[in-house]
Amino acid sequence: MTEKLYDNDSHLKEFGATVIECYEKADGYFTILDRTAFFPEGGGQPSDTGYLDDVRVYDVREKDGVIYHYTTKQLEVGKKITGTIDFERRFDFMQQHTGEHIISGIVNSLYGYNNVGFHLSETEMTMDFDGMLTRENLIEIERQANEVIYRNAKINCYYPENLKDLEYRSKLDLQSGVRIVEIEDCDSCACCAPHVNSASEIGIIKILDFAKNKGGIRIWAVCGRRALKDYNNRYFNDLEISALLCSPQNEIAAAVKKQLENIESLKYQIGGLKKRIIESFAKTYKVEGQISAVFQDGFDIKDLQSLADSLYKEYGGIRAVFSGSEGEYSFAICGDAEKLDAWFKEFKGRLTVRGGGRNGMVQGTVQNTKGEILGVINELD
Ligand SMILES: [Zn+2]
């Protein structure tokens, strides 16, 4: 068994220990110490990293009470070493993890839902609950969670002698060796990981997002330094948007809405102008015979419909307009409803056509060459 120094002192950054065992494995060495402040992965919290003297510890695991430090070099058995953990990383994990306990405790006491999943990485924290919450619920949960920070609730981690009569949240039904993480007047939960000593160390708890998840909800949240980093990202984004829109930072949503309305109105105006241009454009076409085809570059379906309609109104007959490239043309065709239906049936039968329509207008795509299309049109004239 390795003595777990992190159990009693979650803020211990440096410690002395003796190497008990060290043996080679596939990608480095397993080093066992008599005591350690390195937390092995557990309770959803990633393992610590750091150094044993100048040897890198890149992962830590626990098996049957023994803690295995994954080191890059071999350490001499019996050697007295100084262990140093990457405390900034550990502190970040503790800020997130204790924040998670506070949120889970509040969710449990307000709504009776259980935390059924917890994921913590260097970039993301999620927690899953077995019931659904609304945005309004989450705003209230977040408010209460931050109140726990303002009153600087004390956090006590201990191994109780008697589990009987003790009320606590737990994912597993453990009978012995249960470590309790107690947040004063907020939560009590079985957890093996190191936590901050008091809620004020968390700084802030911010819920970022949520989604339905297996009949319940998944919540994304950030705490402490991560929350400040997130705030700064958003702040610089807002700052840029506010400069681009010449709008005060707290009014950028309204400014964006206004811009979108402007775009919609411009689109409408452009549509009207295009239609008028196409109508007068139609008059300049030299159209011969009862059936004609025009190939036009860069027309979207609305333009095609507009030109086919204008040509039909101007010259009658059946007027087809195509745009696209060889083998991939879009089209719109206008004509007298009954005649067009019969003609289009033939046209469809001879080429690779997808589409249809009614009331004197058909549209779609044709996967043939210009030559093939014109050949069929001449044949059907
Ligand atoms: Zn925990």
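If you're wondering where the values come from, they're calculated on a predicted model, not measured in any experiment. (Residues numbered from 1 in each chain as written. Predicted model: local features only at pLDDT ≥ 70, side-chain atom pairs only at ≥ 80, totals over all residues. Heavy atoms only, no water.)

Description of the packing of aromatic side chains
Stage number 1. This structure, assessed with the given rule, holds 18 aromatic pairs.
Stage number 2. Taken together, the ring pairs in this structure connect F295, F322, Y329, F331, W343, F344 and F347 into an aromatic cluster.
Stage number 3. When the ring centre of F87 is taken as origin, the NZ or CZ atom of K13, which lies over that ring, is 4.6 Å away.
Stage number 4. The ring of F30 is capped by K25, whose NZ or CZ atom sits 5.4 Å from the centre of that ring. (Phe/Tyr/Trp six-rings, centres within 6.5 Å; stacked < 30°, edge-to-face > 60°. Lys NZ or Arg CZ within 6 Å of the ring centre and 35° of its normal.)

Some remarks on the coordination of the zinc ion
Around a metal, the ideal angle is 109.5 degrees if four donors adopt a tetrahedral arrangement and 90 or 180 degrees if six donors adopt an octahedral arrangement.
Stage number 1. Protein-derived coordination of the zinc ion comes from H97 (NE2), H101 (NE2) and C191 (SG), at a distance range of 2.1 to 2.3 Å.
Stage number 2. Here the donor residues of the zinc ion are spaced in sequence according to H-x3-H-x89-C. One end of the pair, H97, is in helix α2 (residues 87-111); the other, C191, is in the loop between β13 (187-190) and β14 (205-213), and 94 residues separate them in sequence. Across the pair, C191 and H97 agree in class, each one buried. (Donors = N, O, S within 2.8 Å, 3.2 Å for Na, K, Ca; no water. Helix = DSSP H or I, 4+ residues; strand = E, 2+ residues; numbered from the N terminus. Buried < 20%, exposed > 50% of the residue type's maximum accessible area, 1.4 Å probe, protein only.)

Thoughts on the environment of V57
Stage number 1. Locating V57 in the fold gives a position in strand β6 (residues 55-63).
Stage number 2. Classification of V57 as buried rests on a relative accessible area of 0%.
Stage number 3. Along the primary structure V57 and T72 are separated by 15 residues, whereas in three dimensions their C-alpha atoms are 6.8 Å apart.
Stage number 4. When residues no more than four places from it in sequence are discounted, the contact partners of V57 are F38, T49, G50, Y51, L52, H69, Y70 and T71. (Contact = heavy atoms within 4.5 Å.)

Focus: helix α8 (residues 370-380)
Stage number 1. What α8 keeps buried is the set I373, V376, I377 and L380. All buried residues of α8 project into a common sector of 100 degrees when viewed along the axis, lining one side. Opposite the buried face of α8, by more than 90 degrees, sit the exposed residues N378 and E379.
Stage number 2. In the core, the buried residues of α8 are packed alongside β16 (291-295), β17 (318-325), β18 (328-335), α7 (337-350) and β20 (361-366). (Arc of directions from axis to C-beta.)

Re the pattern of salt bridges
Stage number 1. Using the criterion set out here, one finds 24 salt bridges in the structure.
Stage number 2. Between D128 and R218 there is a salt bridge; the shortest N-O distance is 2.7 Å. Here R218 lies in strand β15 (residues 216-223) and D128 lies in strand β10 (residues 125-129), a separation of 90 residues in the sequence.
Stage number 3. Among the residues examined, D128 registers a relative accessible area of 9% and is labelled buried. (Salt bridge = Lys/Arg side-chain N within 4 Å of Asp/Glu carboxyl O.)

As for the packing of helix α4 (residues 224-245) against helix α5 (residues 252-284)
Stage number 1. In the contact formed by α4 and α5, the axes pass within 10 Å of each other and the chain directions differ by 45 degrees. Overall, the two elements α4 and α5 adopt an arrangement that is oblique. As α4 packs across α5, the resulting crossing turns out to be left-handed. Counting all contacts with α4, which are made through D238, I241, S242 and L245, the residues of α5 involved are I252, A255, V256 and Q259.
Stage number 2. Residue classes in the contact of α4 with α5 are distributed as five nonpolar, two polar and one charged. (Axes fitted to C-alpha atoms, helices over the stretch in contact; angles between N-to-C directions. Parallel < 35°, antiparallel > 145°, perpendicular 65-115°, else oblique. Left-handed = near helix turned anticlockwise from the far one by under 90°. Nonpolar A, V, L, I, M, F, W, Y, C, P; charged D, E, K, R; others polar.)

A look at the pairing of β18
Stage number 1. Counting buried positions along β18 gives six out of eight residues, so the element sits mostly inside the fold.
Stage number 2. In terms of strand pairing, β17 meets β18 through eight bridges, oriented antiparallel. Its bridge partner lying in β18, G324 is registered against Y329.
Stage number 3. Here β17 folds back onto β18 in antiparallel fashion, the turn holding two residues, of which G327 has a positive phi close to 85 degrees.
Stage number 4. Direction of pairing for β18 relative to β20: antiparallel, over a ladder of six bridges. Residue pairing in the sheet places I333 in a bridge with V362 of β20. (Pairing = 2+ DSSP bridges.)

Digging into the sheet that holds β15
Stage number 1. With antiparallel pairing, the four strands of this open sheet are ordered in space as β9-β10-β15-β14. The sheet terminates laterally at β9 (115-120) and β14, the two strands that pair on one side only. Across the sheet, the mean angle from the axis of one strand to that of its neighbour is 20 degrees, orientation sign disregarded.
Stage number 2. In the sheet, β9 pairs with β10 via five bridges, with the strands oriented antiparallel. Paired with G117 across the two strands is D128, which belongs to β10.
Stage number 3. Of the strands in this sheet, β9, β10, β14 and β15 are in contact with α2, which crosses β10 at around 20 degrees.

Quick notes on α5
Stage number 1. Along its 33 residues, α5 runs 47 Å from first to last C-alpha, staying within 8% of the 48 Å computed at 1.5 Å per residue.
Stage number 2. Within α5, burial applies to I252, A255, I278 and A282.
Stage number 3. Considering only its buried residues, α5 is in contact with α4 and α6 (301-315). (Expected span 1.5 Å × (residues − 1).)

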